[in-house]
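The lines below spell out each chain.
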Amino acid sequence: MAVLSIVLPAYNEEQNIPNTVTVLSNLLTEKEIAYELIFISDGSRDGTFAEIQKAAEGNPNVRGAEFSRNFGKEAAIFAGLEMAGGDAVIVMDCDLQHPPEIIPKMWQQWLEGAEVVEGIKQDRGKEKLGYKLSAGLFYKVMSRLIKIDMNASSDFKLLDHKVVEVLLSLPERNTFFRALSFWAGFRTVPVYYEVQERQFGESKWSFFSLMKYAITNVTSFSTLPLQMVTVMGVISILFSIVLFIQTLAKFLSGTAVEGFTTVILLILIIGGFLMLSLGIIGHYLARIYEEVKGRPRYIISKVTENVHGNIIGPWKTK
């Protein structure tokens, strides 16, 4: 019988773990889908892993691991993929904002031959205005830079096990799961859903964390920001030419403005472009530096007692 693995990254989700286990277990049992739930506590500071352990003791289909510190959602997703032993793997949020009732539809699409089932958001649901605006800006920036519609896309997707193997075989340490699943190709089928409200707790994403996440993911997946350095150089040259022509025309007509205002403005503009360009280049150098060091993507400090397969102990790194 085919088995479905569900990977659930969790950061300070102590309140959500019991409810998530109950809802998913009841749904999958009712639909007669063989399953395993894999929770990854991303260095949570509350009792998230304790709740995962408790759930694993009461349900043999629940497994989990805890990072030694917070390594980020991308690392948690890939740790879950590494642990997954199912024929198909679904990645979804631990707070059930990705609606569980969509899972049987994804499973059916996979049974019919789909290799990737992409969850597409039709509605973001009820969110605070500040978060909605920051999330909207985040997705617009990401979509423009990597040329994928990130506003509709999400981490909520089903992957055939061979797709998971392809993603795990990639040597890079700085990963962007959502974009890499597009990049890998394979036969993709969309499934549409509406984002649900959280039953417990609040979103851990702030405006600044979303922007940091955007910058990290864009520079790990796309070289477009580096090309922007050239564009800014061309813009500054064109601006300098226009300013030179304007200054020369005023000088010849006898209406030139005395002082250094024009020169100062020109220096500030070009200096701003230069500093921004150096920042972009420096960020890419930092990414290269991190890749060259070859440090593990994550470090697992604890695992539930019923963990088996690829994770071999609390010292496991990847």
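If you're wondering where the values come from, they're calculated on a predicted model, not measured in any experiment.

Peer 1: Would you take a moment to explain the overall build of the protein chain for this structure?
Peer 2: The secondary structure content of the protein chain amounts to ten helices and eight strands. The burial tally for the protein chain puts 47% of its 318 residues in the buried class. In the protein chain, of all internal contacts separated by at least 6 residues, the share reaching a separation of at least 24 is 80%. Accessible surface, the protein chain as shown: approximately 16,500 Å² in total, 61% of it carbon and sulfur.

Peer 1: For this particular structure, what's the right way to read the environment of Glu82?
Peer 2: Note on placement: Glu82 falls in helix α3 (residues 73-83). With relative accessibility at 11%, the residue Glu82 sits in the buried group. C-alpha of Glu82 to C-alpha of Val7: the two residues are 75 residues apart in sequence and 9.9 Å apart in space.

Peer 1: Just to check I follow, could you spell out the side chain of Asp155 for this structure?
Peer 2: With respect to the helices and strands, Asp155 occurs in the loop between α5 (129-146) and β6 (157-160). Judged by its relative accessible area of 3%, Asp155 falls in the buried class. Within polar-contact distance, the side chain of Asp155 engages the side chain of Lys73 at 2.9 Å.

Peer 1: Would you explain the nonpolar core in this entry?
Peer 2: Among soluble globular proteins, nonpolar side chains are generally buried collectively. Counting 35 residues, the largest nonpolar core has Leu4, Ile6, Leu37, Phe39, Ile90 and Met92 as its most contacted members. At the level of elements, β1 (3-10), α1 (16-30), β2 (34-41), α2 (48-58), β4 (88-91), α4 (103-111) and β7 (188-194) are the ones that each hand at least two residues to this core. Not counting residues up to four positions away in its chain, the partners in contact with Leu4 are Leu28, Ile33, Ala34, Tyr35, Glu36, Ala88, Val89, Ile90, Ile103, Trp107 and Leu158. Core analysis: the next-biggest nonpolar cluster, separate from the first, contains 27 residues, Ile38, Phe67, Ala184 and Ile300 among them.

Peer 1: Can you walk me through the confidence of the model for the protein chain in this structure?
Peer 2: In regions of low pLDDT, the predicted coordinates are not meant to be interpreted in detail. When pLDDT is averaged along the protein chain, the result is 79, and 75% of the positions lie at 70 or above. Looking over the protein chain, one finds the lowest element-wise mean pLDDT in α5, namely 60, and the highest in β4, namely 94. Low pLDDT, under 50, characterises residues 309-316; the predicted model gives this stretch 14 contacts beyond four residues in sequence or across chains.

Peer 1: Would you take a moment to explain the packing of aromatic side chains for this structure?
Peer 2: The geometry of an aromatic ring pair is captured by two quantities: the separation of the ring centres and the angle between the planes. Enumeration over the complete set of coordinates arrives at five aromatic pairs. Taking the centre distance of 6.4 Å and the plane angle of 90° together, the rings of Phe78 and Phe177 count as edge-to-face. In this pair, Phe78 is assigned in helix α3 and Phe177 in helix α7 (residues 177-183), connecting sequence segments 99 residues apart. Looking at Phe78, the relative accessible area reads 1%, which means it is buried. What makes Phe177 buried here is its relative accessible area of 0%. Connected via pairs of aromatic rings, a cluster forms that spans Phe67, Phe71 and Tyr298. Taking the ring centre of Phe71 as reference, the NZ or CZ of Arg69 above it sits at 3.9 Å. The side chain of Lys157 reaches across the aromatic face of Phe177, ending 5.5 Å from its centre.

Peer 1: How do you make sense of a nonpolar patch on the surface when you look at a structure like this?
Peer 2: Judged by side-chain polarity, Val234, Ile237, Leu238, Ile241, Phe244, Ile245, Leu248, Phe251 and Leu252 come together as a nonpolar surface patch covering roughly 940 Å² of accessible area. Among the structural elements, Val234 can be located in helix α9 (residues 224-252). With a relative accessible area of 45%, Val234 lands in the partly exposed category.

Peer 1: Is there a simple way to explain the pattern of salt bridges in this structure?
Peer 2: As enumerated under the stated definition, the model contains seven salt bridges in all. Linking Glu66 and Lys302 is a salt bridge whose minimum nitrogen-to-oxygen distance equals 3.9 Å. Here Glu66 is found in strand β3 (residues 62-67), whereas its partner Lys302 is found in strand β8 (residues 300-303), with 236 residues between them in sequence. With a closest N to O distance of 2.9 Å, Asp155 and Lys73 form a salt bridge. You can see Asp155 sitting in the loop between α5 and β6 and its partner Lys73 sitting in helix α3, a full 82 residues away along the chain.

Peer 1: What is the right way to read α2 from this model?
Peer 2: A turn of α-helix holds 3.6 residues, and therefore any two residues three or four places apart point the same way. When we look at burial in α2, the residues that qualify are Thr48, Phe49, Glu51, Ile52, Ala55 and Ala56. Across the axial projection of α2, the buried residues extend over an arc of 155°, all falling on one side. Within α2, the exposed residues directed more than 90 degrees away from the buried face are Lys54, Glu57 and Gly58. Its buried side turned inward, α2 meets β1, α1, β2, β3 and β8.

Peer 1: Help me understand the pairing of β3, please; the structure alone is not making it clear to me.
Peer 2: For β3, a buried count of six out of six residues is recorded, marking the element as mostly surrounded by other parts of the structure. Burial of β3 is two-sided: the residues Val62, Gly64 and Glu66 facing one way and the residues Arg63, Ala65 and Phe67 facing the other way are all buried. Across five bridges, the pairing between β2 and β3 is parallel. Bridge pairing in β3 places Ile38 opposite Arg63. The pairing of β3 with β8 spans three bridges and is antiparallel. Bridge assignment links Phe67 to a residue of β8, and that residue is Ile300.

About the criteria used
Residues numbered from 1 in each chain as written. Predicted model: local features only at pLDDT ≥ 70, side-chain atom pairs only at ≥ 80, totals over all residues. Heavy atoms only, no water. Helix = DSSP H or I, 4+ residues; strand = E, 2+ residues; numbered from the N terminus. Buried < 20%, exposed > 50% of the residue type's maximum accessible area, 1.4 Å probe, protein only. Contact = heavy atoms within 4.5 Å. Areas by Shrake-Rupley, 256 points an atom, 1.4 Å probe, with all protein chains shown as cover. Polar contact = N/O pair within 3.5 Å; in protein donor to acceptor, adjacent residues only side chain to side chain. Core = buried A, V, L, I, M, F, W, Y, C linked by side-chain atoms within 4.5 Å. pLDDT = per-residue confidence, 0-100. Phe/Tyr/Trp six-rings, centres within 6.5 Å; stacked < 30°, edge-to-face > 60°. Lys NZ or Arg CZ within 6 Å of the ring centre and 35° of its normal. Patch = residues over 30% accessible without salt bridge, like charges linked within 9 Å, V, L, I, M, F, W, Y side chains within 5 Å. Salt bridge = Lys/Arg side-chain N within 4 Å of Asp/Glu carboxyl O. Arc of directions from axis to C-beta. Pairing = 2+ DSSP bridges.

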